[in-house]
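# A structural walkthrough
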Amino acid sequence: MGETMEMKVSTKKPIGFYVRSANSFLKGVEAKPAADGKEAVEAKAPVDELKISGLGEAINTAVAAATRAEADGIGTIAKVETQYPDMPSGRGCAQIMITVKRK
(Lines give C-alpha, C1' and ligand atoms only; values in the text may rest on other atoms or scores of the structure.)
Protein backbone atom coordinates (compact mmCIF):
# COMPACT_ATOMS: atom_id res chain seq x y z
CA MET A 1 0.00 0.00 0.00
CA GLY A 2 1.17 3.56 -0.68
CA GLU A 3 1.83 6.37 1.70
CA THR A 4 -0.84 7.45 4.19
CA MET A 5 -0.87 10.91 5.77
CA GLU A 6 -2.99 12.03 8.71
CA MET A 7 -4.26 15.61 8.88
CA LYS A 8 -5.74 16.78 12.17
CA VAL A 9 -7.95 19.84 11.79
CA SER A 10 -8.90 22.43 14.39
CA THR A 11 -11.00 25.57 14.56
CA LYS A 12 -7.89 27.76 14.97
CA LYS A 13 -7.35 28.08 11.20
CA PRO A 14 -9.98 28.80 8.54
CA ILE A 15 -11.58 26.01 6.49
CA GLY A 16 -9.82 27.26 3.34
CA PHE A 17 -6.43 26.50 4.89
CA TYR A 18 -7.36 22.84 5.37
CA VAL A 19 -8.94 22.60 1.91
CA ARG A 20 -5.67 23.86 0.36
CA SER A 21 -3.64 21.50 2.59
CA ALA A 22 -5.73 18.50 1.52
CA ASN A 23 -5.26 19.51 -2.13
CA SER A 24 -1.49 19.77 -1.61
CA PHE A 25 -1.29 16.35 0.06
CA LEU A 26 -3.36 14.63 -2.66
CA LYS A 27 -1.85 16.43 -5.69
CA GLY A 28 1.72 16.84 -4.45
CA VAL A 29 3.76 20.05 -4.41
CA GLU A 30 6.14 21.25 -7.10
CA ALA A 31 9.55 22.63 -6.13
CA LYS A 32 9.78 26.42 -6.19
CA PRO A 33 12.93 28.52 -5.90
CA ALA A 34 13.25 31.23 -3.24
CA ALA A 35 11.82 34.52 -4.54
CA ASP A 36 10.35 37.79 -3.22
CA GLY A 37 11.49 37.12 0.36
CA LYS A 38 9.84 33.68 0.47
CA GLU A 39 11.81 30.54 1.21
CA ALA A 40 12.35 27.84 -1.39
CA VAL A 41 9.79 25.02 -1.41
CA GLU A 42 10.96 21.47 -1.99
CA ALA A 43 8.91 19.08 -4.13
CA LYS A 44 6.64 16.67 -2.27
CA ALA A 45 5.09 13.59 -3.84
CA PRO A 46 1.32 13.09 -3.54
CA VAL A 47 0.04 10.70 -0.88
CA ASP A 48 -2.23 7.79 -1.82
CA GLU A 49 -4.45 8.12 1.24
CA LEU A 50 -5.27 11.10 3.46
CA LYS A 51 -6.95 10.64 6.84
CA ILE A 52 -8.66 13.83 7.97
CA SER A 53 -9.71 13.92 11.62
CA GLY A 54 -11.60 16.53 13.60
CA LEU A 55 -12.63 16.72 17.23
CA GLY A 56 -15.70 18.54 18.60
CA GLU A 57 -16.39 21.80 16.77
CA ALA A 58 -13.69 20.98 14.20
CA ILE A 59 -15.85 18.17 12.74
CA ASN A 60 -17.42 20.64 10.30
CA THR A 61 -13.95 21.70 9.10
CA ALA A 62 -12.90 18.06 8.54
CA VAL A 63 -16.07 17.31 6.56
CA ALA A 64 -15.66 20.47 4.46
CA ALA A 65 -12.04 19.65 3.56
CA ALA A 66 -12.93 16.06 2.58
CA THR A 67 -16.02 16.94 0.54
CA ARG A 68 -14.16 19.73 -1.24
CA ALA A 69 -11.35 17.33 -2.22
CA GLU A 70 -13.97 14.97 -3.67
CA ALA A 71 -15.84 17.80 -5.42
CA ASP A 72 -12.59 19.04 -6.99
CA GLY A 73 -12.04 15.54 -8.42
CA ILE A 74 -8.69 14.87 -6.72
CA GLY A 75 -9.89 12.18 -4.32
CA THR A 76 -12.79 9.99 -3.23
CA ILE A 77 -14.11 9.54 0.28
CA ALA A 78 -13.45 5.88 1.07
CA LYS A 79 -14.45 5.65 4.72
CA VAL A 80 -16.09 7.76 7.42
CA GLU A 81 -15.70 6.80 11.08
CA THR A 82 -17.17 8.45 14.15
CA GLN A 83 -16.02 8.00 17.72
CA TYR A 84 -16.69 9.44 21.13
CA PRO A 85 -13.31 9.15 22.90
CA ASP A 86 -12.82 10.01 26.58
CA MET A 87 -10.91 13.22 27.12
CA PRO A 88 -8.45 14.06 29.93
CA SER A 89 -11.12 16.29 31.50
CA GLY A 90 -13.25 13.18 32.04
CA ARG A 91 -15.91 14.09 29.50
CA GLY A 92 -16.22 12.56 26.05
CA CYS A 93 -16.04 14.51 22.82
CA ALA A 94 -17.31 13.67 19.32
CA GLN A 95 -14.65 12.81 16.72
CA ILE A 96 -14.75 12.10 12.99
CA MET A 97 -12.13 10.34 10.84
CA ILE A 98 -12.54 10.62 7.07
CA THR A 99 -10.33 8.59 4.73
CA VAL A 100 -9.83 10.18 1.29
CA LYS A 101 -8.10 8.13 -1.41
CA ARG A 102 -6.32 9.86 -4.29
CA LYS A 103 -7.87 9.38 -7.75
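Scroll up to find the structure.
Here is what the cut-offs are and how they apply
Residues numbered from 1 in each chain as written. Predicted model: local features only at pLDDT ≥ 70, side-chain atom pairs only at ≥ 80, totals over all residues. Heavy atoms only, no water. Helix = DSSP H or I, 4+ residues; strand = E, 2+ residues; numbered from the N terminus. Buried < 20%, exposed > 50% of the residue type's maximum accessible area, 1.4 Å probe, protein only. Contact = heavy atoms within 4.5 Å. Salt bridge = Lys/Arg side-chain N within 4 Å of Asp/Glu carboxyl O. Core = buried A, V, L, I, M, F, W, Y, C linked by side-chain atoms within 4.5 Å.

Once that is clear, we can look at the side chain of Ser 53. Along the chain, Ser 53 turns up in strand E2 (residues 49-55). On the accessibility criterion, Ser 53 (6% relative accessible area) is buried. Residues contacting Ser 53, with those up to four places away along its chain left out, are Glu 6, Met 7, Lys 8, Val 9, Ala 62, Gln 95, Ile 96 and Met 97.

All right, on to the pattern of salt bridges then. Summed over all chains, the structure comprises 4 salt bridges. A salt bridge links Lys 101 to Glu 49; the nearest nitrogen and oxygen atoms lie 3.1 Å apart. One end of the pair, Lys 101, is in strand E4 (residues 95-102); the other, Glu 49, is in strand E2, and 52 residues separate them in sequence. The class for Lys 101 is partly exposed, based on a relative accessible area of 34%. Judged by its relative accessible area of 8%, Glu 49 is buried.

As a further point, take the nonpolar core. One finds Met 7, Val 9, Leu 26, Leu 50, Ile 52, Ala 65 and Val 100 to be the most contacted residues of the largest nonpolar core, which totals 18 residues. Of all the secondary structure elements, the ones that give two or more residues to this core are strand E1 (4-9), helix H1 (15-27), E2, helix H2 (59-71) and E4. The contacts of Ile 52, once residues within four sequence positions are left out, are Met 7, Val 9, Ala 62, Ala 65, Ala 66, Ile 96, Met 97, Ile 98 and Val 100.

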